[in-house]
Amino acid sequence: MYDTVVVGAGIAGITAARLLQQQGRRVVVLEARDRIGGRLWTDRTAGFSVDRGASWIHGIDGNPLADIVAGLGMRTAEFTVGAFQAGGRPIANYDEQRRRLDDDSTRRWVADVDVADEQLRRSTADSAEGATYAQVAGDALARLPWDAARASRVAAFYRHRIEEQCGADIGDAAARALDEDVIDGDEVIFPDGYDALAQTLARGLDIRIEHVVTTIDWSTTGVSVRTAHEQFDAGSVIVTVPLGVLKARAIEFDPELPAVVSGPIDRVGMGVFNKVFLQFPEKFWPEGVYAIRQLGEPSFPWHSWYDVSAVSGEPMLLTFAGGQWARRIEKMADAEIVDSVLEGLRSIYGPGVPSPAAHWITRWSAEEFTRGSYSYIAAPATHEDHDAMATPVAGVVHLAGEATWSEAPATVHGALFSGHRAAERVLGRSLDIANLLSER
């Protein structure tokens, strides 16, 4: 008999389990995969780190995760374009004729996005309940005295911003889908791999890998968690599986979860956001830029390439596919995807762009134990649905994970905070999140 069963060994689950164990609770963590970390997944097969899952801390100012990472001695590198933005760092922007914008043109472009964003805020405030981001973005641009080409460039930027931030198409995201997307301070990435966070925090925990949870029976007196291997009885359970798994009803709850929890599970969206890393034999893009960005209509389907050479030590670009395009590429062969990305790069830099020496491609919606990348506010969901999803059930069932944290969903620190909250609720008292650094 355990005090608590934790389902899922991602950051939320490991955080909750570590904090509870430090308080003397008997805890077991059940992980379906053959590894821990969840959506922290670092591939080191090439001799350097390739983060197939999460890559960034989005905003280090006042973020306890940054303090924890520093306390664990994890090496970071500043890379502040992880949140999709028009400016702020050196970006090589290319116009519709594939000409690079000079400094004055870049300033005008960034200013256009600022003006449009201000109008977008007004259009969002005036929008009807259930409105989509596509609707408010279209309204905002229609109210500006711009010609079609100028408006079209910002419209393309808005589509890509939703794809990158939500993993969704602009017509699927709620009008307020990006209200929660607040970044304070620089963003950082991890040259040695982000999954070192999970590996370090998991030390000393009882984690059973390849334990696929099928059923959770619960009552006011406790829970029984069943896998193909065995049954685990406990006073409580913390379920930290990704939202995509919950939406698929891959785990049966008996009795069913109440509407206050199941409703948000149904309403909040699970985005799909895939990565394509290309390692090149030599660097062909401009020095000193964080990203290459194609603007306007030619930016479909590939629009942004991020220079992650500092992580690998090799000439390497990372590009993304979000929403329906992300789902489409999952059905394509690797070679077809690589050729498609190269077509976009060669349209800018010419036929001399070499074929890559190696590549890495993710397919997150096809991952059985993830079924998507991260949550987003789908119309007609609301921000409150995130926290409502974590409403304790009978005092014994607790949900955690990035999808349950309204202040920073779709982030690693959101997952961490949700695990901290779940541990506090199980204990019935507050805990200092800095306890994660304790060896106890």
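Residues numbered from 1 in each chain as written. Predicted model: local features only at pLDDT ≥ 70, side-chain atom pairs only at ≥ 80, totals over all residues. Heavy atoms only, no water.

- Per an unreviewed UniProt entry, the chain goes by FAD-dependent oxidoreductase and derives from Microbacterium hominis.
- In its Cofactor (unreviewed entry) section, the UniProt record describing the chain reads: "FAD". (UniProt positions renumbered as here; feature names shortened; annotations may be inferred.)

1. A closer look at the nonpolar core
And then number 1: Counting residues in each nonpolar core, the largest one holds 83 residues, and the members touching the most others are Val7, Tyr158, Val225 and Val397.
And then number 2: Per element, the largest residue contribution to this core is six residues, and it comes from helix α5 (residues 148-166).
And then number 3: Val7 has contacts with Leu30, Val213, Ile216, Val225, Val237, Ile238, Val239, Thr240, Val241 and Ile251, leaving out every residue within four places of it along the chain. (Core = buried A, V, L, I, M, F, W, Y, C linked by side-chain atoms within 4.5 Å. Buried < 20%, exposed > 50% of the residue type's maximum accessible area, 1.4 Å probe, protein only. Helix = DSSP H or I, 4+ residues; strand = E, 2+ residues; numbered from the N terminus. Contact = heavy atoms within 4.5 Å.)

2. Comments concerning the packing of aromatic side chains
The geometry of two aromatic rings is summed up by the distance between their centres and the angle between their planes.
And then number 1: A full pass over the atoms with the stated rule returns 22 aromatic pairs.
And then number 2: Their ring planes at 80° and their centres at 5.6 Å tell us that Tyr94 and Tyr349 sit as a pair that is edge-to-face. Taken as a pair, Tyr94 in strand β6 (residues 91-94) and Tyr349 in helix α11 (residues 334-349) lie far apart in primary sequence, 255 residues in all.
And then number 3: On the basis of relative accessible area, Tyr94 is assigned to the buried category, the value being 6%.
And then number 4: Taken together, a centroid distance of 5.8 Å and an interplanar angle of 50° make the contact between Phe273 and Tyr374 tilted. Here Phe273, found in strand β14 (residues 273-279), pairs with Tyr374, found in strand β19 (residues 374-376); they are 101 residues apart in sequence, far enough to count as distant. The pair formed by Phe273 and Tyr374 is uniform in burial state, with each residue classed as buried.
And then number 5: A cation over an aromatic ring shows up here: Arg26 above the ring of Tyr2, its NZ or CZ 4.2 Å from the ring centre.
And then number 6: Note that Arg52 overlies the ring of Trp41, its terminal NZ or CZ placed 5.2 Å from the centroid. (Phe/Tyr/Trp six-rings, centres within 6.5 Å; stacked < 30°, edge-to-face > 60°. Lys NZ or Arg CZ within 6 Å of the ring centre and 35° of its normal.)

3. Topic: helix α13 (residues 412-427)
In an α-helix there are 3.6 residues to a turn, and that puts residues three or four apart on one side.
And then number 1: Counted at 1.5 Å a residue, the expected span for α13 with its 16 residues is 22 Å, and the 23 Å between its end C-alpha atoms agrees.
And then number 2: Across the 16 residues that make up α13, a large majority, 14, are buried.
And then number 3: Its side-chain oxygen at 2.8 Å from the backbone nitrogen of Gly414, Thr411 defines the N-terminal cap of α13.
And then number 4: One or two positions beyond α13, positive phi appears at Gly428, with a value near 80°. (Expected span 1.5 Å × (residues − 1). Polar contact = N/O pair within 3.5 Å; in protein donor to acceptor, adjacent residues only side chain to side chain.)

4. Let's talk about the packing of helix α4 (residues 133-142) against α5
And then number 1: Packing of α4 against α5 brings their axes to within 11 Å, and their N-to-C directions diverge by 160°. With respect to their mutual orientation, α4 and α5 come out roughly antiparallel. For the crossing formed where α4 meets α5, the hand is right-handed. Only Ala151, Val154, Ala155, Tyr158, Arg161 and Ile162 of α5 make contact with α4, whose side of the interface consists of Tyr133, Ala137 and Leu141.
And then number 2: Classifying every residue of the contact of α4 with α5 gives eight nonpolar, no polar and one charged. (Axes fitted to C-alpha atoms, helices over the stretch in contact; angles between N-to-C directions. Parallel < 35°, antiparallel > 145°, perpendicular 65-115°, else oblique. Left-handed = near helix turned anticlockwise from the far one by under 90°. Nonpolar A, V, L, I, M, F, W, Y, C, P; charged D, E, K, R; others polar.)

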